[in-house]
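The residues making up each chain are set out below.
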Amino acid sequence: MTPKVPTLYEWLGGSEVLSRLIERFYLKVPSDPLLAPLFASMPKEHFEHVAQFIAEVLGGPADYSARYGGHAAMIRHHLGKGITELERQRWVALLLETADELQLPSDPEFRSALVAYLEWGSRLAVINSALPAGTAVRELPMPSWNWGVPGGPYQPESTDS
């Protein structure tokens with residue numbers, strides 16, 4: 001019998017861990033010279049929305065879609081923001097640095113999937129941020145990220161024989 005493969009959301013520790021990651025990340029942003037101006041006018045609850053969005057994408061509850069409107073809503077939040085490639089790169093790097101500080105799983109399969117999602121999602125944010133505010137956005141399904149090629153977390157073969 002094949003063991004159940006956890007979602008990325010389950011593997012990282014669920015809602016509490018993801019919320020702590022995003023909250024700590026956004027506590028660093030005001031002192032980051034590259035990111036501070038980009039996030040200066042973000043409402044206080046922004047980090048909670050980001051945590052709910054990422055949770056849903058990684059296989060957690062569909063709270064973001066239920067409360068805020070799903071993927072199209074996230075796209076609309078980025079319209080007209082003019083995010084640069086350097087800002088995108090710093091956002092990803094700071095988030096991964098924070099994941100290390102909080103000791104999120106560091107197995108290669110999880111980190112590969114997490115980095116792949118952050119790269120994909122942040123590059124979409126740059127593309128969408130170049131569009132004028134108010135651009136019509138199609139209702140698209142919420143992205144659903146999984147383990148990708150490895151198919152699940154690395155779990156060494158048992159040496160018990």
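Being a predicted model, the structure only gives us computed values, none of them experimental.

Caption draft 1: Structural view of empty space enclosed by the protein. A complete count under the given rule lists one cavity of 30 Å³ or more for this structure. A volume near 50 Å³ is recorded for the largest cavity. For the largest cavity, the full set of lining residues is Leu-12, Leu-18, Leu-21, Ile-22, Ile-54, Leu-58, Leu-95, Leu-104, Leu-114 and Leu-118. Of all the elements in the fold, those that place two or more residues in the lining of the largest cavity are helix H2 (14–28) and helix H8 (108–129). Per element, the largest residue contribution to the lining of the largest cavity is three residues, and it comes from H2. Here the residues of the lining of the largest cavity are counted per class, giving ten nonpolar, no polar and no charged.

Caption draft 2: Just the nonpolar core, in detail. Formed by 42 residues in total, the largest nonpolar core has its most connected members in Leu-18, Leu-21, Ile-22, Phe-25, Tyr-26, Trp-91 and Leu-118. Those elements giving two or more residues to this core turn out to be helix H1 (8–12), H2, helix H3 (36–39), helix H4 (46–57), helix H6 (70–78), helix H7 (85–101) and H8. Other than its neighbours up to four places away in sequence, Leu-118 contacts Trp-91, Val-92, Leu-95 and Leu-96.

Caption draft 3: Representation of the pattern of salt bridges within the structure. One pass over the structure, following the stated rule, counts eleven salt bridges. The partner of Glu-10 in a salt bridge is Lys-4, and the shortest N-O contact between them spans 3.2 Å. The residue Arg-88 makes a salt bridge to Glu-85 at a minimum N-O spacing of 2.9 Å. One end of the pair is Arg-88 and the other is Glu-85, both in helix H7 and three residues apart, which spans about a single turn. Relative accessible area serves as the criterion here: at 3%, Arg-88 is assigned to the buried category. One connected set of salt bridges, linked through shared partners, spans Arg-24, Lys-28, Glu-97 and Glu-101.

Cut-offs applied
Each chain carries its own residue numbering, running from 1 in the written order of its sequence. Reporting of local features is limited, given that this is a predicted model, to residues whose pLDDT is at least 70; pairs of side-chain atoms are given and counted only at 80 or more, and all residues count toward the totals for whole chains, interfaces and linings. Only hydrogens and water are removed before side-chain values are computed, so all heavy atoms of the structure are retained for them. Computed over the protein atoms alone on a 1 Å grid, cavities are sets of points where a 1.4 Å probe fits but cannot get out and pockets are open sets with protein on both sides within 12 Å along at least five of seven lines; a residue lines them when it has an atom within 4 Å of a point. Grid points are joined across faces, edges and corners, and a volume is the space filled by probe spheres set on the points. Numbering of helices and strands runs from the N terminus; a helix is a DSSP stretch of H or I covering at least four residues, while a strand is a stretch of E covering at least two. Each residue receives one of three labels: charged for Asp, Glu, Lys and Arg, nonpolar for Ala, Val, Leu, Ile, Met, Phe, Trp, Tyr, Cys and Pro, and polar for the others, Gly being one of them. By nonpolar core is meant a set of buried Ala, Val, Leu, Ile, Met, Phe, Trp, Tyr and Cys residues that side-chain atoms within 4.5 Å join together. Only protein chains enter the accessibility calculation, which uses a 1.4 Å probe; a residue is then buried when its area is under 20% of its type maximum, exposed when over 50%, and partly exposed in between. Contacts between residues were defined by any pair of non-hydrogen atoms, one from each residue, lying within 4.5 Å. Salt-bridge detection follows one rule: a side-chain nitrogen of Lys or Arg within 4 Å of a carboxyl oxygen of Asp or Glu.

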